[in-house]
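# Results of the structural survey
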Amino acid sequence: MKFTYLIPTTLALLPTILLAAPTQPEPTLAERVAAANPDPEAEAEAKTSLQAPVDTKYFHEPGGDDELGHYDIRYFKEPVSYEVRGETLYNLIRSYLTVFREKDIETWIAHGTLLGWWWNGKIMPWDWDLDTQVSASTLTWLGENLNMTFHDYTGTLSDGSSVQKKYLLDVNPNHVERVRGDGQNVIDARWIDTENGLFIDITGLAETNPSMQPGIWSCKNFHRYRTRDLYPLRETEFEGVSAMVPYSFDRILTEEYSARALTKTEHLGHRWIPEQKEWVKQDTLTRFGGRTAAPRTVDHAHIPESLLGDGEPKTGLKNLFKAVR
């Protein structure tokens, strides 16, 4: 009975409810025109803002810190130990320099690797990777002739035993752009250990503005050099194999690292032992009561060219001719 009275009451209130409900205003003429003719640029901008950023980086690493940022992600399994890293870098640079010399490809050591050469002709034991440079013309040749090639090499372990290694030479297709761009492709090529992913960074140098700044060579990471500081390259040795270094290596090192880097004898937990001409990890010194283990030997003693006296240094004069052509 109550139900029969409820329905008429609700129906009687319905007009009041409908009148109280908010109404949508009619669209204006301008709004109707805009809806019928959307702006393509505005639509594209809206779509772009919703999309994930485009990944322009060619080489990828498993992380961005000092440890994970120095492996190629394609060959990375897990971080290697301090000892394995040293052995890996040792064979990386020896294989790289040997293969490039056998193929008559001009290259020279750079940055922290060059600093290690200055001290004792060896890799700094705290380094995570290695650095070499080539000219932009050499880089183009590498891309056209040796890109994505694998190279077998018989390496040496710390105990003197042999090990078979395989390396990949991978040239970044963005090497043709000689400006920094978004900063994701400053490394032009890599020589990669396919066992664990450690690598050598290879960067190209070019005269990017020869009309306004002739004789000034630069990479994509804002390192700049004068032709006379690079050429003629000096022939020397690094980790027991033949290598080339820039002509004015001392000027280049002091400009990049300051003069302090050539005299500082403690760095990142390592101490320079002048009697052995070695950088030694400080916890090793503690364990041995100040005595150090025998340093790794190389085939020949290293003497920087600048310390050889009045004798004419052996230089690659053909490189100077290439530079000024």
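Residues numbered from 1 in each chain as written. Predicted model: local features only at pLDDT ≥ 70, side-chain atom pairs only at ≥ 80, totals over all residues. Heavy atoms only, no water.

## Here we look at the overall build of the chain
Secondary structure assignment for the chain yields ten helices and 14 strands. Relative to all contacts within the chain whose residues are 6 or more apart in sequence, the contacts with residues 24 or more apart total 61%. Element-wise, carbon and sulfur atoms account for 56% of the exposed surface of the chain, whose accessible area totals about 19,100 Å². (Helix = DSSP H or I, 4+ residues; strand = E, 2+ residues; numbered from the N terminus. Contact = heavy atoms within 4.5 Å. Areas by Shrake-Rupley, 256 points an atom, 1.4 Å probe, with all protein chains shown as cover.)

## Section: the environment of aspartate 170
Turning to its location among the elements, aspartate 170 is positioned in strand β4 (residues 162-171). Overall, aspartate 170 belongs to the buried group, its relative accessible area being 0%. Linking aspartate 170 and leucine 142, residues 28 residues apart in sequence, is a C-alpha distance of 9.1 Å. Not counting residues within four places of it along the chain, the set of residues in contact with aspartate 170 comprises Tyr58, Phe59, Arg74, Asn147, Met148, Ala189, Arg190 and Ile192. (Buried < 20%, exposed > 50% of the residue type's maximum accessible area, 1.4 Å probe, protein only.)

## Description of the sheet that holds β4
Strand order across the open sheet formed by six strands is β1-β2-β6-β5-β4-β3, with mixed pairing between neighbours. The sheet terminates laterally at β1 (108-109) and β3 (149-156), the two strands that pair on one side only. Strand direction decides the pairing type here: strand β2 (residues 130-135) and strand β6 (residues 199-205), joined by six bridges, are parallel. Directly across from threonine 132, in β6, lies its bridge partner isoleucine 202. (Pairing = 2+ DSSP bridges.)

## Some thoughts on helix α4 (residues 82-102)
The end-to-end C-alpha distance of α4 is 30 Å, a good match for the 30 Å that 21 residues give at a rise of 1.5 Å each. Downstream of α4 by a residue or two, aspartate 104 has a phi angle that is positive, lying close to 55°. (Expected span 1.5 Å × (residues − 1).)

## Topic: the pattern of salt bridges
Under the criterion given, the structure shown has 14 salt bridges. The residue glutamate 195 makes a salt bridge to lysine 165 at a minimum N-O spacing of 2.9 Å. You can see glutamate 195 sitting in the loop between β5 (189-193) and β6 and its partner lysine 165 sitting in strand β4, a full 30 residues away along the chain. Look at glutamate 195 and you get partly exposed, because its relative accessible area is 47%. The partner of aspartate 229 in a salt bridge is arginine 251, with the nearest N and O atoms 3.4 Å apart. Within this pair, whereas aspartate 229 is found in helix α7 (residues 227-230), its partner arginine 251 is found in helix α8 (residues 249-257), the two being separated by 22 residues in sequence. Where salt bridges share partners, they join Lys57, Glu61, Arg190 and Asp201 into one cluster. (Salt bridge = Lys/Arg side-chain N within 4 Å of Asp/Glu carboxyl O.)

## A closer look at the pairing of strand β9 (residues 233-238)
When you tally the buried positions in β9, you get five out of six residues, the bulk of the element. Both β9 and strand β10 (residues 241-245) contribute to a ladder of five bridges, which runs antiparallel. Bridging from a neighbouring strand, threonine 236 pairs with alanine 243 of β10. What sits between β9 and β10 in their antiparallel hairpin is a turn of two residues, with glutamate 239 showing a positive phi close to 50°.

## Considering the confidence of the model for the chain
On average, residues of the chain carry a pLDDT of 81, and 72% of them reach 70 or more. Here residues 1-11 is a poorly scored stretch, pLDDT under 50, and it has zero contacts once near neighbours within four places are set aside; other chains count. Scored below 50 in pLDDT, residues 292-325 makes 55 contacts in the model with residues more than four places away or belonging to other chains. (pLDDT = per-residue confidence, 0-100.)

## Details of the packing of aromatic side chains
Taken as a whole and judged by the stated rule, the model has 15 aromatic pairs. On the basis of an interplanar angle of 75° and a centroid distance of 4.9 Å, the ring pair of tyrosine 58 and phenylalanine 59 is categorised as edge-to-face. On the basis of an interplanar angle of 75° and a centroid distance of 6.0 Å, the ring pair of tryptophan 108 and tyrosine 231 is categorised as edge-to-face. Within this pair, whereas tryptophan 108 is found in strand β1, its partner tyrosine 231 is found in the loop between α7 and β9, the two being separated by 123 residues in sequence. Tryptophan 108 gets classed as buried once you look at its relative accessible area, which sits at 1%. Since its relative accessible area comes to 4%, tyrosine 231 is described here as buried. Here the aromatic cluster, defined as three or more aromatic residues joined through ring pairs, consists of Tyr96, Phe100, Tyr153, Tyr167 and Trp191. The residue whose ring lies beneath arginine 85 is tryptophan 128, and the NZ or CZ to ring-centre distance is 4.0 Å. It is arginine 234 that lies over the ring of tyrosine 247; its NZ or CZ is 4.1 Å from the centre. (Phe/Tyr/Trp six-rings, centres within 6.5 Å; stacked < 30°, edge-to-face > 60°. Lys NZ or Arg CZ within 6 Å of the ring centre and 35° of its normal.)

## Notes on the sheet that holds strand β11 (residues 266-267)
Strands pair in a sheet through their backbones, by hydrogen bonds, and they do so in one of two ways: parallel or antiparallel. The strand order across the open sheet built from three strands is β11-β12-β13, with neighbouring strands paired in antiparallel fashion. Strand pairing shows two members of the sheet lacking a second neighbour, β11 and β13 (278-281), which therefore form its edges. Relative to strand β12 (residues 270-273), β11 is paired through two bridges, and the arrangement is antiparallel. Paired with histidine 267 across the two strands is histidine 270, which belongs to β12.

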